[in-house]
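# Survey of secondary and tertiary structure
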Amino acid sequence: MLRKWLCQADITVQLQPIDPILIKSGYATLRGPDMVPVETLRDGKQTFFFPGSSLKGVLRSHFERIARTLQPRSVCIPYYDPKKENEFNVPVPEEQQSYGCGFRTPGDGRQDSSATAYHESCAACRLFGSLRFAGRFSIGDAYPLPEPAPQPKPGQRNGVGIDRFTGGTVRGVLFDLVVVEGGVFETAIRVTNFELWQLAAVNFLLQDLHDEMITLGSGRSRGLGRVKGEVTRYALSYVRPQSHVVGLTELASDEERQAYRLFDWRQPPLLISLADGRRLGLRSEYDLTQNWVELLQPLAGSVEAFLKQHGPLGVPNR
Ligand SMILES: [Zn+2]
């Protein structure tokens, strides 16, 4: 992306498992992020953590679901390589062209620069990245808060064997499921050089985490994996002081706006005031922890507006 740093969002989230989270299902899942907490030693004690790469996968697929709901075929199937079609069964005929943005060749003979990769990427790849483009969104490993916070504990559940071919249960086959219960896990999200619609998309994910609509791990149908996410810090930083919430589109030059096809969202005209920021060296940081939900709510419509304008499969509707 741009060899510039213009803006950034830093968000700290605490994840609290509501249900036990399955860490060993006993049978493989065919596709989809299989969120597994990982056991590790920390300060000489055995503990669990959720790898950032898995959390990113879960949030990405949740965003893909939102995007497909707002605008069908607006995001790619990231692992669908058209050269390996036999190995990948595309679920519905309408998605046969939805191969991963990372497998696309630059259109119209354009040079494969980061600008081309960005402007030809679908909404999910623009935010979370692809083989061609690193993405804007990063999330760290989620570690348990230290005591006195309640500590996560391993547990066991009885499972019923599932026939891999019929999907039915197998009589007499029982196995133990290993789960993690309790604990409060903390992680940090960072979105660099965000467009306003991307900030709004991240806010959708934060809201759905808060509303326990995102599950971790397999075994959702068994009532496992619900998690509640609470934002404990939300800050925006800019290279120069700002009086209003702006994003990459507003901060980039005309050439960059054109090359990267940044989304210019001016409908409806929107000015969200920022209170005084804090200077940190060159940067100015604005702490929105107390009011980000209400303050940034007017951005919500930009996600659908972007998806409609960007069109299916990363090909602009123009
Ligand atoms: Zn994509």
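Numbers given for residues are sequential positions, taken from 1 along each chain in its written order. Where totals are concerned, whole chains, interfaces and linings use all residues; where local detail is concerned, this predicted model gives features only for residues with pLDDT of at least 70, and gives and counts side-chain atom pairs only at 80 or more. Side-chain calculation: all heavy atoms of the structure are included, whereas hydrogens and water are not.

Further remarks concern the overall build of the protein chain. Comment: elements are numbered from the N terminus, with helices defined as DSSP H or I runs of at least four residues and strands as E runs of at least two. Counting its regular elements, the protein chain contains eight helices and 12 strands. Sorting the 318 residues of the protein chain into buried and exposed places 47% on the buried side. Within the structure as shown, the protein chain displays about 16400 Å² of accessible surface, and the carbon and sulfur contribution to it stands at 51%. Only protein chains enter the accessibility calculation, which uses a 1.4 Å probe. A residue is then buried if its area is under 20% of the maximum for its type, exposed if over 50%, and partly exposed in between. Surface accessibility follows the Shrake-Rupley procedure with a 1.4 Å probe radius. Residue values consider only the protein chains on display as shielding.

Each helix should span, by expectation, one fewer than its residue count multiplied by 1.5 Å. Helix length check: helix α4 (residues 196-210) (15 residues) gives 21 Å between terminal C-alpha atoms against 21 Å at 1.5 Å per residue, within 8%. Just downstream of α4, Glu212 is the residue with a positive phi angle, here 60°.

On to the pattern of salt bridges, then. Within this document, salt bridges are pairs made up of a side-chain nitrogen of Lys or Arg and a carboxyl oxygen of Asp or Glu, the two lying within 4 Å of each other. A full pass over the atoms with the stated rule returns 13 salt bridges. A salt bridge links Lys228 to Glu212, with the shortest nitrogen-to-oxygen separation between them at 3.9 Å. Here Glu212 lies in the loop between α4 and β10 (227-238) and Lys228 lies in strand β10, a separation of 16 residues in the sequence. When its relative accessible area of 25% is taken as the criterion, Glu212 is described as partly exposed.

This part is about the coordination of the zinc ion. Counted as donors are the N, O and S atoms within 2.8 Å of the metal, or 3.2 Å for Na, K and Ca, while water is not among the atoms, so some sites may look incomplete. The coordination sphere of the zinc ion, as far as protein atoms go, consists of Cys76 (SG), Cys101 (SG), Cys122 (SG) and Cys125 (SG), spread over 2.2 to 2.3 Å. Around the zinc ion sit four donor atoms, and with donor-metal-donor angles ranging over 104 to 114° the site reads as tetrahedral. Angle rules define the geometry names used: all angles between 85 and 135 degrees makes four donors tetrahedral, while opposite donors over 155 degrees apart and all other angles between 65 and 115 make four donors square planar and six octahedral, leaving every other case irregular.

Okay, the packing of aromatic side chains next. Two rings belonging to Phe, Tyr or Trp (six-membered ring only in the last case) form a pair when the distance between their centres is within 6.5 Å. Interplanar angles under 30 degrees mark stacking, angles over 60 mark edge-to-face geometry, and anything in between is tilted. Throughout the structure, instances matching the rule amount to 11 aromatic pairs. Their ring planes at 65° and their centres at 5.4 Å tell us that Phe263 and Phe306 sit as a pair that is edge-to-face. Taken as a pair, Phe263 in the loop between α6 (254-259) and β11 (278-280) and Phe306 in helix α8 (residues 301-310) lie far apart in primary sequence, 43 residues in all. A network of ring pairs unites the aromatic residues Phe63, Phe128 and Phe137 as a single cluster.

Before going further, it helps to spend a moment on the pairing of β10. In this description, strands pair whenever DSSP reports at least two bridges between them. Direction of pairing for strand β1 (residues 7-17) relative to β10: antiparallel, over a ladder of 11 bridges. Residue Ala9 lies in a different strand from β10, and its bridge partner there is Leu236. Two elements, β10 and strand β12 (residues 283-287), share four bridges in a ladder whose sense is antiparallel. Residue Ala235 lies in a different strand from β12, and its bridge partner there is Asp287.

With respect to the helices, strands and loops of the structure, Gln97 is situated in the loop between α1 (52-70) and α2 (114-119). Accessibility expressed as a relative area gives 48% for Gln97, which makes it partly exposed.

For helices, the axis comes from a line fit to the C-alpha atoms of the stretch in contact; other axes are also lines fit to C-alpha atoms, and the angle between any two N-to-C directions lies between 0 and 180 degrees. Two numbers describe how α4 lies on α8: the axes approach to 8 Å, and their chain directions differ by 120°. By the criterion of interaxial angle, the relationship of α4 to α8 is oblique. When the axes of α4 and α8 are compared, the crossing they make is left-handed. Seen from α4, the contacting residues are Leu196, Trp197, Ala200, Ala201 and Phe204; seen from α8, they are Ser302, Val303 and Phe306. Note that Gly is not counted as nonpolar here; it falls among the polar residues with everything else outside the nonpolar set of Ala, Val, Leu, Ile, Met, Phe, Trp, Tyr, Cys and Pro and the charged set of Asp, Glu, Lys and Arg. Grouping the constituent residues of the contact of α4 with α8 by class yields seven nonpolar, one polar and no charged. Convention used here: angles under 35 degrees read as roughly parallel, angles over 145 as roughly antiparallel, angles from 65 to 115 as roughly perpendicular, and any remaining angle as oblique. Two helices crossing with the near one rotated counterclockwise from the far one by less than a right angle form a left-handed crossing, whereas a clockwise rotation gives a right-handed crossing. Any pair of residues with heavy atoms lying within 4.5 Å of one another is described as a contacting pair.

Right, let's get into the nonpolar core. Nonpolar core, defined: a set of buried Ala, Val, Leu, Ile, Met, Phe, Trp, Tyr and Cys residues in which side-chain atoms within 4.5 Å join the residues together. Ranked by internal contacts, the top residues of the largest apolar core, which has 62 residues, are Phe63, Tyr234 and Leu296. In terms of residue count, the dominant contributor to this core is α4 (nine residues). When sequence neighbours within four positions are dropped, the list of residues in contact with Phe63 reads Val75, Ala123, Ala124, Phe128, Trp197, Ala201, Leu205 and Val303. In this structure, Leu6, Tyr118, Leu248 and Leu262 belong to the second largest nonpolar core, which totals 11 residues.

So, on to the environment of Ser113. Structurally, Ser113 is set in the loop between α1 and α2. Here the alpha-carbon distance between Ser113 and Arg132, two residues 19 residues apart in the chain, equals 9.2 Å. Of note is the side chain of Ser113, whose polar atom sits 2.7 Å from the side chain of Thr116. The definition of a polar contact used here is a pair of N or O atoms within 3.5 Å, where within protein one atom must be able to donate a hydrogen and the other to accept one, and adjacent residues in sequence count solely through side-chain atom pairs.

With that settled, consider the side chain of His62. Here His62 is to be found in helix α1. Look at His62 and you get buried, because its relative accessible area is 7%.

Under the 1.5 Å per step criterion, the end-to-end length of α1 is 27 Å for 19 residues, consistent within 8% with the ideal 27 Å. The inward-facing, buried residues of α1 abut β1, α3 (123-128), β5 (137-139), β9 (185-192), α4 and α8.

In predicted models, pLDDT denotes the confidence assigned by the predictor to each residue on a 0 to 100 scale. Confidence in the prediction for the protein chain averages 83 pLDDT; 80% of positions are at 70 or higher. Of the regions scoring below 50 in pLDDT, residues 25-35 engages in 26 contacts with residues more than four places distant in sequence or in other chains.

Glancing now at the packing of α1 against α8. Where α1 meets α8, the axes come as close as 10 Å, and the angle between the chain directions of the two elements is 70°. Here α8 runs roughly perpendicular to α1, going by the angle between their axes. The two elements α1 and α8 meet at a crossing, and its hand is right-handed. On α8, the residues touching Phe63, Ala67 and Leu70 of α1 are Val303, Glu304, Leu307 and Lys308. Grouping the amino acids of the contact of α1 with α8 by side-chain chemistry returns five nonpolar, no polar and two charged.

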